[in-house]
Amino acid sequence: MPIQANVDLHHFNTFHVSARSRWFAEVATVEALREVLAWHKGKDIPLMLLGQGSNILFRENYPGLIIELAIKGITVQQSTESSVLVQAMGGEIWHPFVTHCLKQGWYGLENLSLIPGTVGAAPVQNIGAYGVELKDLLHEVQALEIASGNMKTFTNDDCGFSYRSSVFKEDLREQYIITDVTFSLSSKPRLNLEYPALQQALSDVPRESITPQLVSDKVCEIRRSKLPDPDMLGNAGSFFWNPRIGQDRFAELKALYPDLPGYAEGNSVKIPAAWLIEKAGWKGYRDGDVGVHERHALVLVNHGGATGAELVALSERIQASVAEKFGIQLWPEVRIV
Ligand SMILES: Cc1cc2nc3c(=O)[nH]c(=O)nc-3n(C[C@H](O)[C@H](O)[C@H](O)COP(=O)(O)OP(=O)(O)OC[C@H]3O[C@@H](n4cnc5c(N)ncnc54)[C@H](O)[C@@H]3O)c2cc1C
């Protein structure tokens with residue numbers, strides 16, 4: 001069984017911080033996964049799943065077993081004239097999967113182009129971008145319960161999706177390994193062009209000429225212009241969740257900061273964390289090898305030799321300064337390990 005000891009995680013996280021895992025196993029089949037879980041059973045060490053490490057910050061060495069899920073495969077479960085159910089194994093890489101679907105004429109995922117990571121991790125935080133969330137296209141999830149070894153099917157409702165979260169990040173955190181995800185896609189283009197930046201990027205294209213492939217291309221173009229490529233500059237995308245505050249509090253803050261943006265959601269208002277961080281003076285900040293990206297205040301970066309602990313310390317300073325200036329608490333979207 002391929003379980004390695006004392007593995008350097010530098011290439012297994014997009015912040016590219018150095019940390020070591022006491023034990024590490026890459027698994028390419030469900031059988032291998034079961035074998036590794038059997039090895040772990042009875043040992044008093046923690047266990048965690050790893051996809052591409054694009055939503056994780058290792059603050060220190062990991063004292064347990066990390067399982068890198070590398071199970072591949074894409075199959076059509078069912079298709080009609082207008083729809084298709086596509087199952088992708090958890091180790092498929094997200095963006096090539098989106099591209100594959102587009103080539104096959106299976107539409108719906110194009111707004112989620114170029115999000116780093118694996119298919120298996122996508123439901124954990126209900127990935128979302130440009131007006132679409134995973135929950136809009138997810139049919140069901142199959143996951144293996146770590147304690148019992150049993151497989152369980154989660155319907156879309158069972159996953160308890162919310163903004164950048166799901167049961168796998170909350171109540172059932174670290175209890176299940178997502179082995180595959182089935183998507184409900186459309187065989188006819190089903191465009192979602194509501195998001196303002198996307199509308200603007202397509203403003204000079206006649207509506208009838210807009211194809212899902214063009215939407216995907218534009219999303220990739222916008223993302224490349226805004227977000228640093230983790231291979232060039234270590235980062236994990238948005239570091240904090242966008243906070244929600246009550247309407248009364250929003251009105252009070254709006255009186256003090258007339259340009260404060262806010263998006264009503266039920267009884268609360270969602271505020272862009274990037275705006276708060278920029279107003280608190282952090283955009284483009286750099287101290288040694290840790291910093292805040294110069295074009296995107298929500299993205300913390302490793303300029304080369306930063307440690308996880310240094311990045312966590314910077315995130316805490318940002319939290320404290322935003323809390324002091326606006327009375328709003330920011331919480332990390334990134335998992336700190
Ligand atoms: C440049 C950049 C841009 C990004 N943009 C976006 C964006 O637009 N929208 C967005 O939503 N996210 C974005 N992200 C965050 C990230 O891409 C997503 O969270 C992605 O789904 C993480 O996938 P991963 O395979 O890297 O997961 P990892 O970071 O390896 O793991 C994330 C979490 O999921 C758990 N996990 C991983 N695989 C499994 C599994 N098979 N079963 C159970 N648990 C598992 C891990 O234990 C961990 O808790 C961005 C990140 C970067 C670096």
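Residues numbered from 1 in each chain as written. Predicted model: local features only at pLDDT ≥ 70, side-chain atom pairs only at ≥ 80, totals over all residues. Heavy atoms only, no water.

A. Up close: the overall build of the chain. Secondary structure assignment for the chain yields seven helices and 20 strands. Over its C-alpha atoms the chain spans a radius of gyration of 21 Å, differing by no more than 12% from the 20 Å that the globule rule assigns to 337 residues. Principal axes of the C-alpha set define a box for the chain whose edges measure 60 × 50 × 35 Å. The burial tally for the chain puts 49% of its 337 residues in the buried class. The average position of the 31 basic charges and that of the 39 acidic charges among the side chains of the chain differ by 2 Å. (Helix = DSSP H or I, 4+ residues; strand = E, 2+ residues; numbered from the N terminus. Rg over C-alpha atoms; globule rule 2.2 N^0.38 Å. Buried < 20%, exposed > 50% of the residue type's maximum accessible area, 1.4 Å probe, protein only. Lys, Arg positive; Asp, Glu negative; His and termini not counted. Charge placed at Lys NZ, Arg CZ, Asp CG, Glu CD.)

B. Spatial organisation of the pairing of strand β6 (residues 74-79). Note: β6 against strand β7 (residues 83-89), five bridges, orientation antiparallel. Bridge pairing links I74 to A88 in β7. What sits between β6 and β7 in their antiparallel hairpin is a turn of three residues. (Pairing = 2+ DSSP bridges.)

C. Seen up close, the nonpolar core. F58, F240, L276, I277 and I318 are the most contacted members of the largest nonpolar core, which has 44 residues in total. Listing elements by their share of this core, those giving two or more residues are β3 (47-50), β4 (56-57), β5 (62-69), α5 (247-256), α6 (273-279), β18 (290-292) and α7 (308-326). The biggest single contributor to this core is α7, with six residues. Both domains that meet at this core, namely domain 1 (3-69) and domain 3 (234-336), each give it at least three residues. (Core = buried A, V, L, I, M, F, W, Y, C linked by side-chain atoms within 4.5 Å. Domains from an automatic or database assignment.)

D. Local environment of the domain arrangement of the chain. In terms of domains, the chain is made up of domain 1 (3-69), domain 2 (74-226) and domain 3 (234-336). Placing the centre of domain 1 and that of domain 3 at their C-alpha centroids yields a distance of 29 Å. Counting from both sides, the interface comprises 11 residues of domain 1 and, opposite them, 18 residues of domain 3. For the pair domain 1 and domain 3, the two sides together bury roughly 1200 Å², of which 57% comes from carbon and sulfur. (Contact = heavy atoms within 4.5 Å. Buried area = accessible area lost by both parts, 1.4 Å probe.)

E. Representation of the sheet that holds strand β17 (residues 286-287) in the model. Judged by pairing direction, the sheet is antiparallel, and its four strands sit side by side in the order β13-β19-β18-β17 without closing on themselves. Lying at the two open borders of the sheet, with one neighbouring strand each, are β13 (234-235) and β17. Bridge count for β13 against strand β19 (residues 300-302) is two bridges, and the pairing is antiparallel. Each bridged residue has a counterpart across the sheet, and for G234 the counterpart in β19 is N302.

F. Structural detail: the packing of aromatic side chains. Evaluation of the coordinates by the stated rule reveals 14 aromatic pairs. Between the aromatic rings of F239 and F240, the centroid separation amounts to 5.1 Å while the plane-to-plane angle is 70°, which identifies the pairing as edge-to-face. The same class applies to F239 and to F240, which are both buried. Between W275 and F326 the ring centres are 5.8 Å apart and the planes differ by 50°, which places this aromatic pair in the tilted class. In this pair, W275 is assigned in helix α6 and F326 in helix α7, connecting sequence segments 51 residues apart. Residue W275 is classed as buried on the basis of its relative accessible area, which comes to 13%. Look at F326 and you get buried, because its relative accessible area is 1%. An aromatic cluster of at least three residues, connected via ring pairs, comprises F15, F239 and F240. The lysine or arginine in question, K152, covers the ring of F154, its NZ or CZ lying 4.7 Å from the ring centre. (Phe/Tyr/Trp six-rings, centres within 6.5 Å; stacked < 30°, edge-to-face > 60°. Lys NZ or Arg CZ within 6 Å of the ring centre and 35° of its normal.)

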